[in-house]
Amino acid sequence: MEYKSTDEKLQTVKSSPDIVSHLVPNTEDCRKCENKSCQYVCPAGVYEWTDWDNRMLVKFENCLECGACRVACDKQSLVWKYPKSGYGITYKQG
Amino acid sequence: MTTNKTDVIIVGAGVAGVAAGITLARAGKKVVIVERGSYAGAKNMFGGAIYDYPTRDLYPEFREQAPIERVNKTHKYMINDDNTSVTLSFNNEKSETSYTVIRAKWDKWCVERAVELGAYYSPMTVVRELIVKDGKVVGIKTDEEEFYADIVILADGANSLLAKQIGLRKNLKDCENAIGVKEVISLPKEVIEERFNLSPEGGCVTEIIGAPMKGITGLGFMYTNKNSVSIGLGVNLDELKKHKLTPNELLNKLKEHPSIAPLIKDGELLEYSAHLIPEGGFNAMPKLYGDGVMVVGDAGMLVNNVHWEGTNLAMMSGMLAAQTAIEALNKNDFSSKMLSLYEKKFKETSFYKDMRTYKDAVKIVHNNAYSFLWFYPQKINEFFEMFTESGYVPRRSLYKRFIKNFIKKRNIKGLIKDAINFARLFFGVLK
């Protein structure tokens, strides 16, 4: 079986993303955060630290709504909500 | 307030919520099941299996009518090194203990049964907060409206923001939670049966320790469905942080393992999914009740972290919470004291007792991850590699070399430490 990147895998998930993010990191805290663990624990590669912008890029449209980032956030300051009714993922094979 | 008030509101139409819902509906109580997904199961993911007990108590007709994938008649335990694996396989063609299901089909079927019995079901409804009056939970606030009930049952899953809102749950610790990732891979029915050596209805559950999670608290799994294989793993969040690994990387490596890759070869990825597993177990279990409120399933962190069971604890807790709610409604008493009966009942079940039995098991393994999940799995594989080899070196020399190498690598101090921890694990379970 061929190797698949996270992005390719995510194409198999039915999703209707909102236009505003349901995940809001505290940028001040992110800047001070040493580990930026959200980048590792996320199964969907939602978080990507951008040096040039000095902030966390949040690809919330990829979110699988698992909450790993919420639990793992070292500063415990990530605002994590469920997407609005009718938005987000719809699993067919869970 | 009379028009938008009911007896019981259940937040979440997963296995726990619907178990509560159907129990209440059967007793003729007015119950509303609220679900944030566009259908029950839309936001849910598990390994996974459901268990005959207590499923049969809730849905007596499920075996004939429910969308079951396969009956698990084979259980395999794989101990992996990088390129080799030792597998123990148990087969019982008569077994009717557990079944694989697809949550999108199973949860939907269950909620339909509850609706048939009179439950009111509202999908695509996100509950934002609980309405609390004088310290008592009296209703829910959704994106659109407020809704009131005598009792609210929180079946809102592993993240349970609602249990957190009312202080029943604290901030979760990363070492108490694992992330589960899974790929469902489509394969023809006959191919699955041939590769896993299955009878037409039979299924196989495989649990995998060691590579690619050497020294990492985590477990790989494979479940056979009718026309697909679910492969995935659960790994503690603190391990991902420590080793700077992503769950998807680990899953790719697991799929590439030489003993696993042939089983899923030429399959097509149907869906990738992820879910949080509240596997803190006994020590992380919160109080399961308050004034006007009870917490069930993953929301109450009711997971057996050694046997990786959750759906059975979820159904049982949902059923017991509903039974308590029925008594409370009959007595018109929704106090925390009345609802504490639910926790008391749950503590009498085999599920709770199992959680207690294993209360320190994962911690011991986690604290000794190198030896339990790397060194010994590797040595077991090396032993069989040596044992099955045939060459010019006499076997006695091989054995001596193996033992020498074994002791040298782990050293006496390490071996004594492991023996003590193994004894702690063993007697912790048996005492």
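Residues numbered from 1 in each chain as written. Chains lettered and ligands numbered in written order. Predicted model: local features only at pLDDT ≥ 70, side-chain atom pairs only at ≥ 80, totals over all residues.

### Describing the overall build of chain B
Helix and strand content of chain B: 15 helices and 17 strands. Computed over its C-alpha atoms, the radius of gyration of chain B comes to 23 Å, within 12% of the 22 Å expected for a compact globule of 431 residues. Projected onto its principal axes, the C-alpha positions of chain B cover 85 × 50 × 35 Å. For chain B, with 431 residues in total, the buried portion stands at 52%. For chain B, restricting intrachain contacts to residue pairs at least 6 apart in sequence, the fraction spanning at least 24 positions comes to 73%. (Helix = DSSP H or I, 4+ residues; strand = E, 2+ residues; numbered from the N terminus. Rg over C-alpha atoms; globule rule 2.2 N^0.38 Å. Buried ≥ 20, exposed ≤ 12 C-beta atoms within 10 Å, placed from the backbone. Contact = placed C-beta atoms within 7 Å.)

### Some points on the overall build of chain A
When helices and strands are counted, chain A shows four helices and six strands. Helices (α) and strands (β) of chain A occur, in sequence order from the N terminus, as α-β-β-α-α-β-β-α-β-β. Relative to the globule expectation of 12 Å for 94 residues, the C-alpha radius of gyration of chain A, 14 Å, shows essentially globular dimensions. Projected onto its principal axes, the C-alpha coordinates of chain A cover approximately 40 × 35 × 25 Å. Considering chain A as a whole, with its 94 residues, one finds that 38% of them fall into the buried category. In chain A, 64% of the contacts between residues at least 6 apart in sequence involve partners at least 24 apart.

### Brief notes about the environment of cysteine 30 of chain A
All names here are of chain A. Within the secondary structure layout, cysteine 30 lies in helix α2 (residues 27–32). Take cysteine 30: there are 20 C-beta atoms within 10 Å of it, and that puts it in the buried class. Separated by 24 residues in the primary sequence, cysteine 30 and asparagine 54 place their C-alpha atoms 8.9 Å from one another. Non-local contacts of cysteine 30, meaning those with residues more than four positions away in its chain, are made with Pro25, Arg55 and Met56.

### Describing the interface of chain B and chain A
Many analyses report the size of an interface as the accessible area lost when the parts associate. Every contact between the two is made by 47 residues of chain B and, on the other side, 33 residues of chain A. Those elements that place two or more of their residues in the side of chain B that touches chain A are α4 (103–116), β11 (178–186), α7 (237–243), α8 (247–256), α9 (261–264) and β15 (268–277) of chain B. Broken down by element, the residue count for the side of chain B that touches chain A peaks at eight residues, all from β15 of chain B. Tallied by class, residues from the side of chain B that touches chain A come to 23 nonpolar, 14 polar and 10 charged. (Nonpolar A, V, L, I, M, F, W, Y, C, P; charged D, E, K, R; others polar.)

### Observations concerning the nonpolar core
Residues and elements named next belong to chain B. Residues Ala20, Ile33, Val152, Ile153, Leu154, Met294 and Val296 are the most contacted members of the largest nonpolar core, which totals 150 residues. The element best represented in this core is helix α10 (residues 311–331), accounting for 10 residues. When sequence neighbours within four positions are dropped, the list of residues in contact with leucine 154 reads Val11, Ser160, Leu162, Ala163, Val293, Val295, Val296 and Ala299. (Core = buried A, V, L, I, M, F, W, Y, C linked by C-beta atoms within 7 Å.)

### Thoughts on unusual backbone geometry
Glycine 48 of chain B follows glycine 47 of chain B through a cis peptide bond whose omega is -15°. With respect to the element layout, glycine 48 of chain B can be found in the loop between β2 (31–34) and β3 (49–51). Looking along the chain, the bond that leaves tyrosine 53 of chain B and enters proline 54 of chain B is cis, with omega of 5°. Position of proline 54 of chain B relative to the elements: it lies in helix α2 (residues 52–58). For glutamine 76 of chain A, which is not glycine, the phi torsion reads 50° and is therefore positive. With respect to the helices, strands and loops of the structure, glutamine 76 of chain A is situated in the loop between α4 (68–72) and β5 (79–80). When the 12 C-beta atoms within 10 Å are taken as the criterion, glutamine 76 of chain A is described as exposed.

### Some points on the packing of α10 of chain B against helix α11 (residues 336–347) of chain B
Residue and element names in this part refer to chain B. Their axes nearest at 9 Å, the elements α10 and α11 cross at an angle of 150°. The angle between α10 and α11 falls in the class roughly antiparallel. The handedness of the crossing between α10 and α11 is right-handed. Packed against α10, whose contacting residues are Ser317, Leu320, Ala321, Thr324, Glu327, Ala328 and Lys331, the element α11 presents Met338, Leu339, Leu341, Tyr342, Lys345 and Phe346 at the interface. Among the residues making up the contact of α10 with α11, the classes are represented as eight nonpolar, two polar and three charged. (Axes fitted to C-alpha atoms, helices over the stretch in contact; angles between N-to-C directions. Parallel < 35°, antiparallel > 145°, perpendicular 65-115°, else oblique. Left-handed = near helix turned anticlockwise from the far one by under 90°.)

### Details of α8 of chain B
Structural remark: α-helix, 3.6 residues per turn; residues separated by three or four positions point the same way. What α8 of chain B keeps buried is the set Pro247, Asn248, Leu250, Leu251, Leu254 and Lys255 of chain B. Axial view of α8 of chain B: buried residues confined to an arc of 155°, hence all on one face. (Arc of directions from axis to C-beta.)

### Examining the domain arrangement of chain B
Residues and elements named next belong to chain B. Under the domain assignment used here, chain B contains domain 1 (5–66 + 101–171 + 284–357), domain 2 (175–277) and domain 3 (361–430). Each partner contributes residues to the interface: domain 2 has eight residues there, and domain 3 has seven residues. In terms of residue class, the side of domain 2 that touches domain 3 is built from three nonpolar, four polar and one charged. (Domains from an automatic or database assignment.)

### Comments concerning the confidence of the model for chain B
In this model, chain B carries a mean pLDDT of 96, and residues with pLDDT of at least 70 account for 100%. ipTM for the predicted complex: 0.97, alongside a pTM of 0.96. (pLDDT = per-residue confidence, 0-100.)

### Some details on the environment of phenylalanine 282 of chain B
Residues and elements named next belong to chain B. Here phenylalanine 282 is to be found in the loop between β15 and β16 (289–290). With 174 residues separating them in the primary sequence, phenylalanine 282 and lysine 108 have C-alpha atoms 30 Å apart. With near-sequence residues (within four places) excluded, phenylalanine 282 lies in contact with Met355, Arg356 and Lys359.

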